[in-house]
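So the chains spell out like this:
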Amino acid sequence: MNYKYDFVIVGAGLAGSTLAYLLHNKGYKVKVIDKREHIAGNCYTENKDNINIHVYGPHIFHTNNKEVWDFVNKFADFNNFINEPVALAADNRVYNMPFNMNTFSRIFNIVHPDEAKFRIDKEIEEYRKEHSTIENLEDQAINMVGTTIYELLIKGYTEKQWGKSCTELSPEIIKRLPLRFTYNNNYFNDKYQGIPEDGYTNMIRRMLQNIEVVLNYDYKEHEDEILDEAKYIIYTGRIDEFFDYIHGKLEYRSLNFVTESLDIDNFQGNAVVNYTTKKVPYTRVVEHKHFNNDKSNVTYITYEFPSTSGDPFYPLSDKANIDLYNKYKEASDEYDKVIFAGRLGKYKYFDMDDVIEDCFKIFNDILNKKEEL
Ligand code: UDP
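Rules used in this analysis
Residues numbered from 1 in each chain as written. Predicted model: local features only at pLDDT ≥ 70, side-chain atom pairs only at ≥ 80, totals over all residues. Heavy atoms only, no water. Helix = DSSP H or I, 4+ residues; strand = E, 2+ residues; numbered from the N terminus. Buried < 20%, exposed > 50% of the residue type's maximum accessible area, 1.4 Å probe, protein only. Contact = heavy atoms within 4.5 Å. Axes fitted to C-alpha atoms, helices over the stretch in contact; angles between N-to-C directions. Parallel < 35°, antiparallel > 145°, perpendicular 65-115°, else oblique. Left-handed = near helix turned anticlockwise from the far one by under 90°. Near = heavy atom within 4 Å. Polar contact = N/O pair within 3.5 Å; in protein donor to acceptor, adjacent residues only side chain to side chain. Areas by Shrake-Rupley, 256 points an atom, 1.4 Å probe, with all protein chains shown as cover. Pairing = 2+ DSSP bridges.

### A short note on the environment of Leu215
Here Leu215 shows up in the loop between β9 (212–214) and α7 (223–229). Judged by its relative accessible area of 29%, Leu215 is partly exposed. Along the sequence, Leu215 and Ser317 sit 102 residues apart, while their C-alpha atoms lie 30 Å from each other. Discounting chain neighbours no more than four positions away, the residues touching Leu215 are Asp34, Arg36, Glu37, His38 and Ile39.

Below, the structure is given as structure tokens:
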């Protein structure tokens, strides 16, 4: 059978655009579709008053993988932004995140790493008397930083963010955060870090250069047509949606973004401020101009309100959902025409670099099978 396209790629976000670029570059006939009216998926940025606004939440690129770093640098000049968020806690004081000597010295009024370790270890030891194994996020968090920091900086934020108690959540979530006994406020441990100087949308636009892109075009509304024109489909939307939710819906956490422009130069003095008490309904306030030191007389800030409804952003990834995902994965393994990619296609809490790394693997798998193409 003759197909119009070798690949129709569903989703013009980071996963779809990475694969589109790689496949187009190898000479395959590629088309990218997206139901939104813009490219770049959730890393979409919009420039207003000379400020790049991260419309779907802050995206800070960080990786240890040189191949991934070299790849993104082909499409954008990255600045040297280092993420150093602060947390505003229930006591109305700010603390450095992730957990490091700046945090500990402020909380425990100490100076040396040994003193911090002593205080934290004592709390952990006390907790372990009652809880000998790590079964949930609460156990994991307290085993990392003790009860004082857990109560002040983790519990409220996490329960707001996920809409569940810390005793119901997976320990893996909190393992994302570094713990270090040095005065280093860098949120990430990775070797390479930064943000495209002219925004992610331009980065993605360069990836998609010379590739046919159709926006405002929903896969499900055009499924039969696409199945006819595409030899293969790369699907970066929700895997459960692709299979019409036959096994049930995978759970996601969403966010409502409320963005305001203010007629002042500087609102909070930092790109990201976390609100760790449940008394405040939002988790983070982002002040976009600080990501790239954008010069403007005004400023844009975004409040992030976690919610159950809305666009799927964070896979829940607990046992029930992983079991459900595995059913969809089995279905997808039996359906050679479709390849799933990205956070939604793989139902994984991928960072941007994980997405690209995974797309490299998918691309190599495709090339290894290319004689069939
Ligand atoms: N977290 C927290 N307090 C904070 C920031 C993060 O307890 O001030 C926890 C929370 O459970 C969150 C997890 O760490 O879900 C991962 O945070 P990260 O900043 O990596 O989340 P993302 O940037 O993906 O929203």
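That shown, we press on.
### Points about the packing of helix α4 (residues 113–130) against helix α5 (residues 137–162)
It is the contact of α4 with α5, at a shortest axis distance of 7 Å, that shows an interaxial angle of 130°. Here α4 lies oblique to α5, going by the angle between them. Handedness of the crossing formed by α4 with α5: right-handed. On α5, the residues that touch Ile120, Glu123, Ile124, Tyr127 and Arg128 of α4 are Glu138, Asp139, Ile142, Asn143, Met144, Val145, Gly146, Thr147, Thr148 and Ile149.

### Focus: the site of the ligand
Of all residues adjacent to the ligand, which total 17 residues, the nearest are Thr158, Trp162, Tyr187, Tyr314 and Tyr349. Between the ligand and Arg176, the relevant distance is 2.9 Å, taken from an oxygen atom to a side-chain nitrogen or oxygen of the residue. Take Arg284: an N or O atom from its side chain is 3.1 Å from an oxygen atom of the ligand. Starting from 530 Å² of accessible surface for the ligand in isolation, the protein chains cover 93%. At 6 residues, α5 tops the list of elements feeding residues into the shell around the ligand.

### Section: the pairing of strand β4 (residues 51–54)
Both faces of β4 are covered, namely the face carrying Ile51 and Ile53 and the face carrying Asn52 and His54. When strand β3 (residues 45–48) meets β4, the two strands line up antiparallel, connected through 4 bridges. Counted as the bridge partner of Glu46 is Ile53 from β4. Hairpin remark: β3 followed by β4, antiparallel, with 2 residues in the connecting loop; positive phi at Asp49, about 50°.

### Quick word on unusual backbone geometry
Residue Pro98 is bonded to the preceding Met97 through a cis peptide linkage, with omega at -5°. Position of Pro98 relative to the elements: it lies in the loop between β7 (94–96) and α3 (101–108). With phi around 50°, Asn293 is a residue other than glycine that occupies positive phi space. Classification of Asn293 by relative accessible area gives exposed; the value is 57%.

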